Amino acid sequence: MAVISRGFGSRRRGSNPDLPPGQYLTTDFPVLSAGPTPEIDRAEWQFVIRDETGTRHEWSWDAMMALPVEDVHTDIHCVTRWSKLGTTWRGVALDTLFAEVETSYDYAMIHSYGGYTTNVPLADLLDGQAWIAFEFDGEPLVPEHGGPARLLLPHLYFWKSAKWVRGIVMHSDDDPGFWEQNGYHTYGDPWKEQRYGDS
Ligand SMILES: Nc1nc2c(c(=O)[nH]1)N[C@H]1C(S)=C(S)[C@@H](COP(=O)(O)O)O[C@H]1N2
Ligand SMILES: [Mo]
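Scoring rules and cut-offs
Residues numbered from 1 in each chain as written. Chains lettered and ligands numbered in written order. Predicted model: local features only at pLDDT ≥ 70, side-chain atom pairs only at ≥ 80, totals over all residues. Heavy atoms only, no water. Near = heavy atom within 4 Å. Polar contact = N/O pair within 3.5 Å; in protein donor to acceptor, adjacent residues only side chain to side chain. Nonpolar A, V, L, I, M, F, W, Y, C, P; charged D, E, K, R; others polar. Pairing = 2+ DSSP bridges. Helix = DSSP H or I, 4+ residues; strand = E, 2+ residues; numbered from the N terminus. Axes fitted to C-alpha atoms, helices over the stretch in contact; angles between N-to-C directions. Salt bridge = Lys/Arg side-chain N within 4 Å of Asp/Glu carboxyl O. Buried < 20%, exposed > 50% of the residue type's maximum accessible area, 1.4 Å probe, protein only. Contact = heavy atoms within 4.5 Å. pLDDT = per-residue confidence, 0-100.

Student: Can you help me understand the site of ligand 1 in this one?
Tutor: Neighbouring ligand 1 are 19 residues, the closest being P30, A34, H145, R150 and K163. Between an oxygen atom of ligand 1 and a main-chain N or O atom of P30, the distance comes to 2.6 Å. S112 has a polar side-chain atom sitting 3.4 Å from a nitrogen atom of ligand 1. Each residue belonging to the shell around ligand 1 can be placed in one class, and the counts come to 13 nonpolar, 4 polar and 2 charged.

Here you go:
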């Protein structure tokens, strides 16, 4: 006769269904930046989407703040193996911005102040999957975490969530961004452990 203990056994590592394979839970919020934190003045901040015709769709800080905002509760997963569950953000959905953009290109290169880039299929930015986030946990996003505004793309590893985001350039091909050129996976699905290479 088997006696099943529900105590420690049910809490064993890996038993949390919200935790992707190979990840561990953290309650703090690590800072991971490949370079220095840029200083960005909201008065000069601009977000630009450039399509294949060269047309620039531009939003100033005030224009962005005038758009409908959404509250987002989501888990985030860094490729260095920490995950943070139930984080709270506020931002503008990319759906709202792309409503103005007509493009036949399928790929987006995200650009940040400071030069960071990351590539993502356009489809992953739409349908309530991505936001320009400017609040975390009810407070304005601090510079270390990408303030005044960062991309929030929580269904992919967090390197795709570009801090200090400044715009998107549409591409015909899935050209690699900064980390993708340096060995990270082109797509980065945490549930498939798409960390490095393209296997
Ligand atoms: N502009 C920019 N965005 C970036 C990075 C960066 O170095 N520069 N690092 C990425 C990586 S690898 C991760 S895990 C997350 C870390 O976000 P955090 O510092 O807010 O935890 O930001 C991502 N966005
Ligand atoms: Mo990361």
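Student: Any chance you could explain the sheet that holds strand β3 (residues 56-60) here in plain terms?
Tutor: Strand pairing within a sheet occurs via backbone hydrogen bonds; the two strands may be parallel or antiparallel. Pairing is mixed in the open sheet, where 5 strands are placed in the order β3-β2-β11-β6-β7. Looking at strand neighbours, the two that pair on one side only are β3 and β7 (117-121), the edges of this open sheet. On average, adjacent strands in this sheet sit at an angle of 15 degrees to one another, irrespective of strand direction. With 3 bridges connecting them, strand β2 (residues 46-50) and strand β11 (residues 165-171) associate as parallel partners. Across the sheet, I49 pairs through a bridge with I168, a residue of β11.

Student: Where do I start with the pattern of salt bridges in this structure?
Tutor: Think of it this way: side chains of opposite charge can pair up when their charged atoms draw near. Inspection of every chain in the model, using the stated rule, returns 5 salt bridges. In this structure, E58 and R56 form a salt bridge, with 3.0 Å as the shortest nitrogen-oxygen distance. Residue classification places E58 among the partly exposed positions, given a relative accessible area of 43%. With a closest N to O distance of 3.8 Å, R81 and E193 form a salt bridge. Residue R81 is found in the loop between β4 (70-77) and β5 (82-93), and its partner E193 is found in the segment after α3 (178-181); the two are separated by 112 residues along the sequence.

Student: Got a minute to help me understand the pairing of strand β8 (residues 131-136) in this structure?
Tutor: Along any regular strand the residues' side chains alternate between the sheet's two faces. Burial analysis of β8 places 5 of its 6 residues in the buried class, which makes it a mostly covered element. Bridging between β5 and β8 involves 5 bridges; their strand directions are antiparallel. Pairing of W89 across the sheet is with F136, part of β8. Sheet analysis places β8 next to strand β10 (residues 150-152), joined by 3 bridges and oriented antiparallel. Each residue of the ladder has a partner; that of I132, found in β10, is L151.

Student: Explain unusual backbone geometry to me, please; I cannot follow it from the model alone.
Tutor: Trans is the common state for peptide bonds, and a negative phi is the common state for residues other than glycine. Of note, the amide linkage connecting G147 to P148 takes the cis form, showing an omega dihedral of 15 degrees. In this structure, P148 sits in the loop between β9 (139-140) and β10.

Student: Is there a simple way to explain the environment of T80 in this structure?
Tutor: When you line up the elements, T80 lands in the loop between β4 and β5. Here the alpha-carbon distance between T80 and V31, two residues 49 residues apart in the chain, equals 12 Å. Beyond its immediate stretch of four places on either side in the chain, T80 contacts Y24 and L32. A polar contact is formed between the side chain of T80 and the side chain of W82, at a distance of 3.4 Å.

Student: Explain the confidence of the model for the chain to me, please; I cannot follow it from the model alone.
Tutor: As a note on interpretation, predicted positions should not be read in detail where pLDDT is low. Of the residues in the chain, 92% have a pLDDT of 70 or more, and the chain-wide mean is 94. Counting contacts from residues 3-11, a segment whose pLDDT is below 50, to residues more than four positions away or on other chains yields 1 contact.

Student: Would you take a moment to explain the pairing of β2 for this structure?
Tutor: With 5 bridges connecting them, β2 and β3 associate as antiparallel partners. Residue I49 lies in a different strand from β3, and its bridge partner there is H57. Linkage of β2 to β3, two consecutive antiparallel strands, is achieved through a turn of 5 residues, within which G54 is found at a positive phi near 90 degrees.

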